[in-house]
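One-letter residues, chain by chain:
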Amino acid sequence: MGLSWSLGIFGLIMILVAKSKSVDAITCQQAITTLLPCQPFLTGTAPAPIVPCCLAVAKVNAAATTTLARRELCRCFEKYAPALGVMPEKAKQLPQLCGVSVPVPIDPSINCDK
């Protein structure tokens, strides 16, 4: 998970920067970048989220204050989570493990438009 993984993430971030769509106070690219400390937990290489990850979850949650912002972040995560190797069951656990109350359940079967 050395240089090639880092270059892959950097490449994805650069694509997101180029195509970022404003989501009220936070863009898709900003959310993904903010949540990078959660990568080891979300991909199954760490048994639990670390403190910086939980702070990131709280920050992204606080930035998504409107229905439109949450909808756009939902679409963002739906689109990019598989490419980043995110395990859906780990994503579902993250808010509870971090003590963050999210208004929408994290679930790959969720309809982002509702």
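Only a predicted model underlies this, so the values are computations on that prediction, with no experimental measurement involved.

What counts, and at which threshold
- Residues numbered from 1 in each chain as written.
- Predicted model: local features only at pLDDT ≥ 70, side-chain atom pairs only at ≥ 80, totals over all residues.
- Heavy atoms only, no water.
- Helix = DSSP H or I, 4+ residues; strand = E, 2+ residues; numbered from the N terminus.
- Expected span 1.5 Å × (residues − 1).
- Buried < 20%, exposed > 50% of the residue type's maximum accessible area, 1.4 Å probe, protein only.
- Disulfide = S-S within 2.5 Å.

**Q** Even after reading the chapter, I still don't get helix 5 (residues 67–80), so can you show me in this structure?
**A** Every α-helix carries 3.6 residues per turn, so stepping three or four residues along brings you back to the same face. Across its 14 residues, helix 5 extends 20 Å between first and last C-alpha, which sits within 8% of the 20 Å expected from 1.5 Å per residue. Of all the residues in helix 5, the buried ones are A69, E72, L73, C74, C76 and Y80.

**Q** Just to check I follow, could you spell out the environment of A62 for this structure?
**A** Within the secondary structure, A62 is located in helix 4 (residues 51–63). Linking A62 and I26, residues 36 residues apart in sequence, is a C-alpha distance of 9.7 Å.

**Q** What is the right way to read the state of the cysteines from this model?
**A** In a disulfide, the sulfur atoms of two cysteines are covalently bonded to one another. The tally for this structure, following the rule as stated, stands at 4 disulfides. Through a disulfide, C28 is tied to C76; the S-S separation comes to 2.0 Å. Judged by the torsion about the S-S bond (70 degrees), the C28/C76 disulfide is right-handed. Remark: C76 occurs in helix 5 and C28 occurs in helix 2 (residues 28–34); sequence separation between them is 48 residues. The pair formed by C28 and C76 is uniform in burial state, with each residue classed as buried. Each sulfur in the disulfide pair C38 and C53 lies 2.1 Å from the other. Given an S-S torsion of about 105 degrees, the disulfide between C38 and C53 has right-handed geometry. Remark: C53 occurs in helix 4 and C38 occurs in the loop between helix 2 and helix 3 (39–42); sequence separation between them is 15 residues. Like C53, C38 is buried. Here the bonded cysteines of the protein chain are numbered in sequence order, and their pairing is 1-6, 2-3, 4-7, 5-8.

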